[in-house]
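Residues per chain, in single letters:
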Amino acid sequence: VFQNKTHTVVNSTLYIDLSATMPNITPRAVSLIRCVFQNNILWSSGYNPAGGFYTIIEKLEGGGSFFPEFQLFIGDQPIPSNFTLSATDDITVRIWIRTEEDQFKVVINECWATPTEHAYDPVSFPFIKDSCALANTFTTIQTNGVSSNATFQTKIFSFVNNPIVYLHCRLSVCRELTPDACKPSCSSYRASVKSGENVYTGVTQMGPLRMNSRRNGADTPANAALSPAYIILIAIGVLAVIAIITAILVCCYQRRTGNYNFKMKTRDVGYQVFSN
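Residues numbered from 1 in each chain as written. Predicted model: local features only at pLDDT ≥ 70, side-chain atom pairs only at ≥ 80, totals over all residues. Heavy atoms only, no water.

Taking an unreviewed UniProt entry as the reference, the chain is identified by name as ZP domain-containing protein belonging to Aquarana catesbeiana.

Take a look at the structure:
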C-alpha cells in the first residue's frame with residue numbers, strides 16, 4: 001500500500017496455488033493487480049490504512065508517476081475552445097505538475113508543432129530545442145527549471161502555415177539537489193543542467209489550435225512583398241500618368257491663351273491716281 005495526500009495505491013499479486021492437488025508445484029504468480037483510490041472515497045467508506053493518509057516522507061525513494069497539465073493564454077485570459085488565432089497573436093503556454101515537494105522542477109526540453117495530433121508526424125515545426133527557443137520562431141521562454149511549472153510565449157502561426165496545429169513538448173521533472181541545479185542555460189543553442197536528478201521524462205500535447213480563415217493581413221498591400229517586375233511596372237505606369245497629365249495641362253493652357261504670331265508681314269502697296 002502506497003499513500004500520498006490525494007490517493008492510495010494498492011498493488012496486489014495474484015498467484016495460482018495447486019499445492020492441494022499437486023504437492024510438488026509451488027505457487028506461481030500470474031498477474032499484478034493495481035488499484036488506485038481517492039482518499040476522500042476511502043474516508044467515506046471508513047477505511048483507514050496503517051500510518052494514515054498524511055505521511056511525511058523525509059527521504060524520497062521508490063517509483064512514482066507525474067501527470068503534466070497545461071493551459072494556454074492570450075494575455076492573462078485562458079484561450080477558450082474553438083478560438084481562432086492570427087499570426088500576430090502571442091499565446092502563453094503554461095505546463096505544470098501537481099506536487100507538494102518544492103524540489104521538483106519542470107524542465108521543457110523541446111517543443112514542436114505538427115498539422116496532426118501525432119507527435120511524430122513527418123511534417124513538424126520545431127521552435128524549442130535543448131531548452132532554448134529557436135531563431136525566427138517568435139518564441140520566448142519565460143520560466144524553465146525553476147519551479148513546478150514552466151511557461152513560454154510563441155506566435156505559432158507566424159511561422160507555421162497550417163489552418164490547424166498541435167503543440168508537443170518533451171518535458172522532464174528534475175529533482176533539485178542544489179540551488180538552480182535544474183535551471184538550463186542557453187549558449188549557442190545548447191542547454192546545460194548543473195547537477196539536477198532527472199526523475200521523469202515524457203511528452204505532452206496541446207491543441208488543436210486554429211488559424212483565422214483570413215491570412216491575418218499577410219496579403220494586404222501594407223504587408224505584401226512585391227517582386228521587382230511589379231515595381232518596374234508600377235514606376236512605368238506612374239511616369240505615363242504624369243506625362244498624360246502634363247500634356248493635358250499644356251493643351252489647356254494653349255487653348256486658353258490662344259496662338260499669336262507676332263511676326264510682321266509686309267504687303268506690296270500700289271498707288272493709283274484718281275482724277276476727275
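Moving on, there is more to tell.
1. Some points on the nonpolar core
Across soluble globular proteins, nonpolar side chains show a tendency to be buried alongside one another. Judged by nonpolar contacts, the single largest core of 29 residues is most densely connected at I91, F127, F152, I156, L167 and L209. Those elements giving two or more residues to this core turn out to be β7 (91-96), β8 (104-114), β9 (125-129), β12 (149-154), β13 (164-175) and β16 (197-211). Residues in contact with I91, not counting those within four places in the same chain, are L72, F73, I74, I79, L85, F152, Q153, T154, I156, L167 and L209. (Core = buried A, V, L, I, M, F, W, Y, C linked by side-chain atoms within 4.5 Å. Buried < 20%, exposed > 50% of the residue type's maximum accessible area, 1.4 Å probe, protein only. Helix = DSSP H or I, 4+ residues; strand = E, 2+ residues; numbered from the N terminus. Contact = heavy atoms within 4.5 Å.)

2. Points about a nonpolar patch on the surface
A surface patch of nonpolar side chains, amounting to about 380 Å² of accessible area, comprises I234, V238, L239 and I242. Tracing the backbone through its elements, the reader meets I234 in helix α2 (residues 228-257). On the basis of relative accessibility, which here comes to 47%, the residue I234 falls in the partly exposed class. (Patch = residues over 30% accessible without salt bridge, like charges linked within 9 Å, V, L, I, M, F, W, Y side chains within 5 Å. Areas by Shrake-Rupley, 256 points an atom, 1.4 Å probe, with all protein chains shown as cover. Salt bridge = Lys/Arg side-chain N within 4 Å of Asp/Glu carboxyl O.)

3. A word on the state of the cysteines
Each disulfide is one covalent bond, formed between the sulfur atoms of two cysteines. Taken as a whole and assessed by the stated rule, the structure comprises two disulfides. Residue pairing for C111: its cysteine sulfur links by disulfide to C169, the two sulfurs lying 2.0 Å apart. Torsion about the S-S bond of the C111 and C169 cystine: about 110°, corresponding to right-handed handedness. Remark: C169 occurs in strand β13 and C111 occurs in strand β8; sequence separation between them is 58 residues. Taken as a pair, C111 and C169 share a single burial class, namely buried. In this model, C174 is linked to C182 through a disulfide, with the two sulfur atoms separated by 2.0 Å. Disulfide C174-C182: torsion about the S-S bond near -70°, hence left-handed. For the pair shown, C174 and C182 are each scored as buried. (Disulfide = S-S within 2.5 Å.)

4. Details of the sheet that holds β9
With mixed pairing, six strands are arranged side by side in an open sheet as β6-β16-β13-β8-β9-β10. Because the sheet does not close on itself, it has two edges, and the strands there are β6 (84-85) and β10 (132-133). Looking at chain direction, β8 and β13 are connected through 10 bridges and run antiparallel. In the strand pairing of β13, E110 is matched with R170. (Pairing = 2+ DSSP bridges.)

5. A short note on the pattern of salt bridges
One pass over the structure, following the stated rule, counts four salt bridges. Here K155 and D90 are joined by a salt bridge, their closest N and O atoms 3.4 Å apart. Of the two residues, K155 is situated in the loop between β12 and β13 and D90 in the loop between β6 and β7; the sequence distance between them amounts to 65 residues. Exposure remark for K155: the relative accessible area of 24% places this residue in the partly exposed category. Across the pair R170 and E110 runs a salt bridge whose closest N-O atoms are separated by 2.9 Å.

6. Some points on the pairing of strand β4 (residues 69-74)
The pairing of β4 with β7 spans six bridges and is antiparallel. Opposite Q71, over in β7, you have R94 as the bridge partner. Direction of pairing for β4 relative to strand β5 (residues 77-78): antiparallel, over a ladder of two bridges. When the sheet's bridge partners are listed, I74 is paired in β5 with Q77. The turn joining β4 and β5, which pair antiparallel and follow one another in sequence, is formed by two residues; a positive phi near 70° is taken by G75.

7. Observations concerning the confidence of the model for the chain
Reading fine detail from the predicted coordinates is not recommended where pLDDT is low. Considering every residue of the chain, the mean pLDDT works out to 76; 68% of them sit at 70 or more. Averaged over each element, pLDDT in the chain is lowest for strand β15 (residues 191-192) (52) and highest for β9 (95). Between residues 51-62, whose pLDDT stays under 50, and residues either more than four places distant or in other chains, the model counts 17 contacts. Counting contacts from residues 216-225, a segment whose pLDDT is below 50, to residues more than four positions away or on other chains yields eight contacts. (pLDDT = per-residue confidence, 0-100.)

8. What about the sheet that holds strand β11 (residues 139-143)?
Strand order in the open sheet formed by five strands is β5-β4-β7-β12-β11, and the pairing between neighbours is antiparallel. At either margin of the open sheet sits one strand with a lone partner, and together these are β5 and β11.

9. Quick look at the pairing of β13
Most of β13 is tucked away, with 10 of its 12 residues classed as buried. Where β13 lies against β16, 11 bridges are found, and the strand directions are antiparallel. Following the sheet pairing, H168 is matched in β16 by Q205.

10. Some words on the environment of T178
Position of T178 relative to the elements: it lies in the loop between β13 and β14 (185-186). Taking relative accessible area as the criterion, T178 reaches 37% and is therefore assigned partly exposed. Sequence separation between T178 and Q103 is 75 residues; the distance between their C-alpha atoms is 9.2 Å.

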